[in-house]
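Residue strings, one per chain:
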Amino acid sequence: MQPQNTQPNGQQQTYGQPQQQPYGSGYGYAPAAGEGEPEYFGTPGPAPVPSHNDNPGHTRAFTLGGAPDAAQQQGSQDHVATYRAGQTTAPPAGPRLPWKQLISGIVRRPAATFWQMRDYQVWGPALTVTFLYGLLAVFGFDAARQDVLNATMSNSIPWVICTAIAVILSGLMLGAVTNALARQFGGDGAWAPTIGLAMLITSLTDAPRLFFALFLGSANSFVQVLGWITWLACAALLTSMVSKSHDLPWPKALGAASIQLIALLVLFKLPVI
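This one's a predicted model, so the numbers in the text were calculated from it and none came from an experiment.

J.: Is there a simple way to think about a nonpolar patch on the surface in this case?
T.: Together, Met153, Ile157, Ile161, Ile165, Leu169 and Met173 make up an exposed nonpolar region whose accessible area comes to about 590 Å². Secondary-structure assignment places Ile157 in helix H6 (residues 153-184). With a relative accessible area of 42%, Ile157 lands in the partly exposed category.

Structural data, given as structure tokens:
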């Protein structure tokens, strides 16, 4: 028969058997001194500090297949993809070009110019060139030129200015459509450089046809052939610009510029023919 020891709370313990600890003592719970428990249980450890990453509004995002432990081992690198609307994924290819180099670059080295200017706004040159083109566009049509020249100065000047403003507004709208289609096709370019460059391309490419139409007339066969050539050049430059500005292959870039090309054909080429 084994001797028994009576505890203060009335429980009995048999010598030679392990003493059962109170519930919760193995989980860091330590009764305060004076509650009838010995002091060798130790003091409770520090409570875990809650992380701000688990609070509402501070939830961290992890890559596919990752885990919080793996992300902590990466240190300061946080491989989380961020969507930046209207911003490019690559740094600028070079400094902003002055307006003279911009205009000459579109004609002489278009691909490099479009890539370098994909991150810069070109509102100044685009609006100026388009406004000058709109002032002369009236004289590119035989019937409109006769009406302006036969009218009084007070009537012809507002007519010419309104035509220039209408050409600017049409360029803005068509450029916005081209940018929207490019974004739908997966492009990542900004809207301001795309619209500005599109306005420059449409005005510069049609300038040779307009120049000869002022002297030879819009019904001249040479002017009509030149109009088709300049329209094809506009299509090539617009496709290259959208491809460089939005990082798109040329079929998708041509599809994004197709509506603008058709509108230019209807507004400036087909009425002459």
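J.: Looking at this structure, I do not really get helix H4 (residues 123-137). What am I missing?
T.: Owing to its 3.6 residues per turn, the α-helix aligns residues three or four sequence positions apart on the same side. In this model H4 runs 20 Å from its N-terminal to its C-terminal C-alpha over 15 residues, within 8% of the 21 Å that 1.5 Å per residue would give. Along H4, the residues classified as buried are Ala126, Val129, Thr130, Tyr133, Gly134 and Ala137. One side of H4 holds all its buried residues, which, seen down the axis, span an arc of 140 degrees.

J.: Would you mind going over the side chain of Ser245 with me for this structure?
T.: Checked against the element boundaries, Ser245 lands in helix H8 (residues 221-246). What Ser245 contacts, discounting residues up to four positions off in sequence, is Phe114, Arg118, Asp188, Gly189, Thr194 and Leu197.

J.: I would appreciate a short explanation of the pattern of salt bridges in the present structure.
T.: Working definition: two side chains of opposite charge can pair if their charged atoms are close together. Summed over all chains, the structure comprises five salt bridges. Ionic pairing is found between Arg118 and Asp247, a salt bridge with its closest N-O pair at 3.1 Å. Note that Arg118 is positioned in the loop between helix H3 (110-116) and H4 and Asp247 in the loop between H8 and helix H9 (250-269), a separation of 129 residues in sequence. By relative accessible area, Asp247 is classed as partly exposed at 39%.

Criteria and cut-off values
- Residues numbered from 1 in each chain as written.
- Predicted model: local features only at pLDDT ≥ 70, side-chain atom pairs only at ≥ 80, totals over all residues.
- Heavy atoms only, no water.
- Patch = residues over 30% accessible without salt bridge, like charges linked within 9 Å, V, L, I, M, F, W, Y side chains within 5 Å.
- Areas by Shrake-Rupley, 256 points an atom, 1.4 Å probe, with all protein chains shown as cover.
- Salt bridge = Lys/Arg side-chain N within 4 Å of Asp/Glu carboxyl O.
- Helix = DSSP H or I, 4+ residues; strand = E, 2+ residues; numbered from the N terminus.
- Buried < 20%, exposed > 50% of the residue type's maximum accessible area, 1.4 Å probe, protein only.
- Expected span 1.5 Å × (residues − 1).
- Arc of directions from axis to C-beta.
- Contact = heavy atoms within 4.5 Å.

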